[in-house]
Amino acid sequence: MAVFARLISSRFMRSVLRTAVPLVVVLVAVMVVGAVMAPDGRGATYRLLVNFLITVVIVVALQMFTGNSGIVSWGHAAFVGIGAYSTAWFSVPMVIKEDIFPGLPAWMMGAEWGLVPCLLVSTAIGALAAAVVGLAICRMKETAMAMSTLGLLVIAHGIYSNWEGWTRGTEGVYALPTNTTIYIACGFACLAVLLAVMFKYSRVGLRLQASREDPLSAESTGVSVVRARYFAWVASAAMSALAGSLWAQFNLAFGPAQFYYAQVFAILSMLVIGGLATVSGALVGAGITTVIFEVLRGVENEGNLFGIEVPQISGLAQMILALITLLILIFRPNGLLAWWELDGWIVKARDRFWKGGRKLAPDAGEKGGE
Amino acid sequence: MSEERPLLRLDGVTSGYGPIVAVRDASLEVRSGEIVALLGANGAGKSTLLMTVAGLVRPTAGNIELDGSRIDGLKPEEIVRRGVALTPEGRGIFSHLTVADNLRIGAAVRKDRAQIATDAEEMCTLFPILGERRRQLAGTLSGGEQQMLALARSLMSRPRLMLLDEPSLGLAPRIVAQIFEMLRKLPERGVTVLLVEQNVSLALDIAQRGYVMASSELQLSGTAAELRSAVDLEQVYLGSAGDAPEPAATGGR
């Protein structure tokens, strides 16, 4: 208990909690809405909310790497895919597995694991894959690194589409067990947020952010930029794989097309809209994008906008999302939340409200000229 | 020159970027407790020389010794650990991190947590403005404050040798005077200084010795007084001392 009390009272944990608690409250609120509206765990709303919570894990995982390092990764969907396929290997019933995964070795064929072992093994495989490719990728210059993550995405897609014996190629995988409930999704979304905030405020996280601001200066200060990037790369890929496993155990069937450009673009858009630099931005971006997508999908599929009949336009959701991302990049290039976490904004708003004027909190000053 | 071992010694160092040679056959010494000025026009290779010492640019020939042991070829973080801190040109502060976090990163190679906190406190006494603004994003500081932050961040690694690249760049004269007053006192703290500076008279005010660089080579060396009276010093700056003067560039490499 004493150790726990000391941890809570440390400055590090205080700032972690200050940032993470408002975000956890939002996530729990989403969960409560879902649990109340669909106590039987069925229906479109329930599905939407659970998928949103899983998306939060994916976006937060990407934020850990891209937000702190400033290097865009186009390849994280590959790790979500690794998590999903790994889960399928260890959870699909044996009778079906013999049919769809003829290449699996005997010991894997017999595995019909539950939620937790599947999550663990998926995370481990994702981390291992990232640890191997990261050895090369993390030594590159910033632009080369971003480019090679794109290569990684294409390679992974090639493997998922063609490694018939293990992935069933483009035909896709089915018959996964439904293990992810809204409570589990929410629990992991909260855990992801907590870990990402802890990472951001940790020594490694801070060094990685320094390298984002000025890599040469960070290095001359004694920061090992490569090591910081590698650590974040592996951690964030592991979290992506975990999300992939959660997702697979909720959506039950998938194919290689689910881990490709459209998904990468959607995830990156969420991060750009909310703001790369903050965990709160990842959450806000995921929320806004999910709502926009849902509304537009109504237009796209049913010609229905808030109950009003409108012409059906296919591809509308993607186009509008791309447009919004562009507008954000033009008018608010650091995203809606820019450099402050939600708690910083709350402090700012409170000060503005009480003091009436435009006076800012001492630790919430606007950024000066670039 | 005295018999004692110099703190920093460069012997025939050649360095540059790919096919471009920016420093050719440079040999110089900095003794413990000195402030040594490295003067020269833009593009003479001064910044590259500092970056080579700091390990950010690899020399293609020659030796660099710190207190008698070779440091060329080591990683930048290892060189920082051995007591060399570079304050880069343009300050290189981390704009979107707080002042306090900038200072913490300055201590990246140190492990003594308690002492790091004490040192950060000390920096805030040394530069009171940093104490006042510790929670602000470093990018919101004025140019002079940013330069102070850059110096404080370098001091956080507890260096024996500080490599300063143009600390007066773009600052108002009053601020520059304040910063140079602080630099003058660095040897009292046990910090030796190799100072790259465009402002010759300011640099020679606080330095005991100096070197003049032109067209990638060290052309002249002497005490501050000798350099001050050297007739052709201005010509060095106009770029006529070398055979192939490079056009003035803002990069200063």
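Residues numbered from 1 in each chain as written. Chains lettered and ligands numbered in written order. Predicted model: local features only at pLDDT ≥ 70, side-chain atom pairs only at ≥ 80, totals over all residues. Heavy atoms only, no water.

## Let's talk about the interface of chain A and chain B
At the junction of the two partners, chain A supplies 29 residues and chain B supplies 28 residues. In this assembly, chain A packs against chain B so that about 2400 Å² is buried in total across both faces, 61% of it on carbon and sulfur atoms. Broken down residue by residue, the surface that chain A buries against chain B is led by Leu206, Ser220 and Thr221 of chain A, which jointly contribute 24%. On inspection of chain A and its partner chain B, the count reaches one salt bridge. Arg227 of chain A is paired through a salt bridge with Glu77 of chain B; the nearest N and O atoms lie 3.1 Å apart. On inspection of chain A and its partner chain B, the count reaches nine residue pairs in polar contact (both at pLDDT 80 or more). The element that contributes the greatest number of residues to the side of chain A that touches chain B is helix H11 (residues 203-213) of chain A, accounting for seven residues. Here the side of chain A that touches chain B is built from residues that sort into nine nonpolar, eight polar and 12 charged. (Contact = heavy atoms within 4.5 Å. Buried area = accessible area lost by both parts, 1.4 Å probe. Salt bridge = Lys/Arg side-chain N within 4 Å of Asp/Glu carboxyl O. Polar contact = N/O pair within 3.5 Å; in protein donor to acceptor, adjacent residues only side chain to side chain. Helix = DSSP H or I, 4+ residues; strand = E, 2+ residues; numbered from the N terminus. Nonpolar A, V, L, I, M, F, W, Y, C, P; charged D, E, K, R; others polar.)

## Observations concerning the packing of aromatic side chains
Summed over all chains, the structure comprises 17 aromatic pairs over all chains. Aromatic side chains Trp89 of chain A and Trp163 of chain A sit 6.2 Å apart centroid to centroid with 85° between the ring planes, which places their arrangement in the edge-to-face category. Of this pair, Trp89 of chain A sits in helix H4 (residues 76-91) while Trp163 of chain A sits in the loop between helix H8 (142-162) and helix H9 (164-167), and the two are 74 residues apart along the sequence. Here Phe254 of chain A and Phe259 of chain A contribute two aromatic rings whose centre-to-centre distance is 5.6 Å and whose plane-to-plane angle is 75°, an arrangement assigned as edge-to-face. Each member of the pair, Phe254 of chain A as well as Phe259 of chain A, is classed as buried. Every member of this aromatic cluster is reached through a ring pair, and the members are Tyr85, Tyr160, Trp247, Phe254 and Phe259 of chain A. We note Arg153 of chain B situated over the ring of Phe94 of chain B; from NZ or CZ to the ring centre the distance is 4.7 Å. (Phe/Tyr/Trp six-rings, centres within 6.5 Å; stacked < 30°, edge-to-face > 60°. Buried < 20%, exposed > 50% of the residue type's maximum accessible area, 1.4 Å probe, protein only. Lys NZ or Arg CZ within 6 Å of the ring centre and 35° of its normal.)

## Overview of the pattern of salt bridges
Following the criterion strictly, the structure yields 26 salt bridges over all chains and no others. Note that Lys200 of chain A and Glu341 of chain A form a salt bridge whose closest N and O atoms lie 2.8 Å from each other. Of the two residues, Lys200 of chain A sits in helix H10 (residues 182-201) while Glu341 of chain A sits in the loop between helix H16 (316-331) and helix H17 (342-355), which places them 141 residues apart along the sequence. Its relative accessible area of 4% is what places Glu341 of chain A among the buried residues. Residues participating in the shared-partner salt-bridge network are Arg227 of chain A together with Glu77, Glu78, Arg81 and Arg82 of chain B.

## A few points about the domain arrangement of chain A
All names here are of chain A. As assigned here, chain A comprises domain 1 (7-257) and domain 2 (260-339). Here domain 1 and domain 2 have C-alpha centroids that lie 21 Å from each other. With 30 residues of domain 1 in contact, the opposing surface of domain 2 contributes 20 residues. It is Phe52, Val59 and Gln63 that lose the most area in domain 1 upon contact with domain 2, and together they represent 22% of the buried surface on that side. For the pair domain 1 and domain 2, the number of links is zero salt bridges. Where domain 1 touches domain 2, the interface holds two residue pairs in polar contact (both at pLDDT 80 or more). At the level of elements, helix H2 (11-37), helix H3 (44-69), H8, H10 and H11 are the ones that each hand at least two residues to the side of domain 1 that touches domain 2. Looking at the side of domain 1 that touches domain 2, the element that brings in the most residues is H3, giving 11 residues. (Domains from an automatic or database assignment.)

## Quick look at the confidence of the model for chain B
Regions with low pLDDT carry predicted coordinates that are not meant to be interpreted in detail. Residues and elements named next belong to chain B. On average, residues of chain B score 87 in pLDDT, and 90% of them reach the 70 mark or higher. Note that residues 240-253 has pLDDT below 50 and, in this model, 29 contacts with residues that lie over four places away or in other chains. In the predicted assembly, ipTM is 0.85 and pTM is 0.87. (pLDDT = per-residue confidence, 0-100.)

## Re the layout of surface pockets
Roughly 1700 Å³ of internal volume is contained in the largest pocket. Along the walls of the largest pocket sit 45 residues, with Arg11 and Ser15 of chain A together with Thr98, Asp101 and Arg104 of chain B positioned nearest its centre. Listed by contribution, the elements that provide at least two residues to the lining of the largest pocket are H2, H10, H11 and H17 of chain A together with helix H3 (99-106) and helix H4 (113-126) of chain B. Per element, the largest residue contribution to the lining of the largest pocket is seven residues, and it comes from H4 of chain B. Partitioning the lining of the largest pocket into residue classes produces 21 nonpolar, eight polar and 16 charged. When residues of the lining of the largest pocket are sorted by domain, at least three fall in each of domain 1 (7-257) and domain 2 (260-339) of chain A. (1 Å grid on protein atoms, 1.4 Å probe; cavity = no way out; pocket = protein on both sides within 12 Å on 5 of 7 lines; lining within 4 Å. Points joined across faces, edges and corners; volume = space filled by probe spheres on them.)

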